[in-house]
Amino acid sequence: MFLITCGFLLVSWRLAAGVADDLARIHVESLGGVERLARLQALRAEGRTRVQGQEVRFVLWAARPNAVRVETTAGERVRRQGWDGSEAAPWQQAVVAGVPKPAGALDEFEARELRADAEFDDPLVDSARRGYAVDFAGEMTLDGRAVFKLLVTRHFTEQFTLYLDAETYLIVRRDSTRRFPGGRDAQLVTHYRDFRSVAGVLLPHRVAVEADGKALHETVLELVEANPRLAPGFFRAPGS
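Remember, it's a predicted structure, so these values are computed and weren't measured experimentally. (Residues numbered from 1 in each chain as written. Predicted model: local features only at pLDDT ≥ 70, side-chain atom pairs only at ≥ 80, totals over all residues. Heavy atoms only, no water.)

Participant: What should I look at first to understand the packing of aromatic side chains in this one?
Facilitator: Describing an aromatic ring pair means giving the distance of the ring centres and the angle of the ring planes. This structure, assessed with the given rule, holds four aromatic pairs. Pairing Trp61 with Phe234 gives two aromatic rings, centres 5.1 Å apart and planes at 70°, and the pair type is edge-to-face. Of this pair, Trp61 sits in strand 2 (residues 54-63) while Phe234 is found in the segment after strand 14 (214-226), placing the two residues 173 residues apart along the sequence. Across the pair, exposure class does not vary: Trp61 and Phe234 are buried alike. Aromatic rings pair up to connect Trp61, Phe234 and Phe235 into one cluster. (Phe/Tyr/Trp six-rings, centres within 6.5 Å; stacked < 30°, edge-to-face > 60°. Helix = DSSP H or I, 4+ residues; strand = E, 2+ residues; numbered from the N terminus. Buried < 20%, exposed > 50% of the residue type's maximum accessible area, 1.4 Å probe, protein only.)

Participant: Is there a simple way to explain the side chain of Thr219 in this structure?
Facilitator: Topologically, Thr219 is positioned in strand 14. A polar side-chain atom of Thr219 sits 3.0 Å from a polar atom in the side chain of Thr49. Apart from residues lying up to four places away in sequence, Thr219 is in contact with Arg48, Thr49, Phe58, His205, Arg206 and Val207. (Polar contact = N/O pair within 3.5 Å; in protein donor to acceptor, adjacent residues only side chain to side chain. Contact = heavy atoms within 4.5 Å.)

Participant: Help me understand the pairing of strand 13 (residues 201-211), please; the structure alone is not making it clear to me.
Facilitator: Moving residue by residue along a regular strand, the side chains alternate between the two faces of the sheet. When strand 12 (residues 185-198) meets strand 13, the two strands line up antiparallel, connected through ten bridges. Bridge assignment links Ser197 to a residue of strand 13, and that residue is Leu202. If you look at the hairpin formed by strand 12 and strand 13, you'll find two residues sitting between the two strands, and Ala199 has a positive phi there, around 55°. Relative to strand 14, strand 13 is paired through six bridges, and the arrangement is antiparallel. For Ala211, the partnering residue across the bridge sits in strand 14 and is Lys214. Linking strand 13 to strand 14, which pair antiparallel, is a turn of two residues; within it Asp212 sits at a positive phi near 55°. (Pairing = 2+ DSSP bridges.)

Worth remembering: the numbers are spatial, not functional.
Given below as structure tokens:
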């Protein structure tokens, strides 16, 4: 009986892995295909983020595989944050009335968040090479739509759940856990909406995040430019 049970579990695991691979492949094709994804090497986006009733304007640059830079504006004050994807620490810089201050390191929480959000591709794109293990966890109805549920693990530590729309095969939701300063864990639900084509690749232009069932923030992209010109060292800390 033990051998029969082990054999059944092994077959079930292989079937689930096979379904996950198929869904990931269809997902990549739905985004625009491998060739279009490869041609999209960088982007520049303008938009706004609403947090606790306040709206913040931002400009974001991102480049493969995981370089990112964000400038947020509030009145005359501009805050720059960035990371070039290397072993160097993520950085920040304040600009007040047009005068830049010396750049410094982000605190531990913000640095971890920036690194986590810096990946250019979603976890289903070339997942195995990037250290993601993806397992099929069934079909269900979510917010009135049929979805496929995928369990994702990275480096045997980070775990989260992705939901693919059963019609479009696009990621419409992500469930994860975030540890906030002070050691409090919160259950995050991220919704991806308003997919639009950027150089032939579908990208969400509205992202809403909830923490423990309460709205945390919502980001809207108003303008996205594919493959902008970026100067050498653009993502490194100013003065480094």
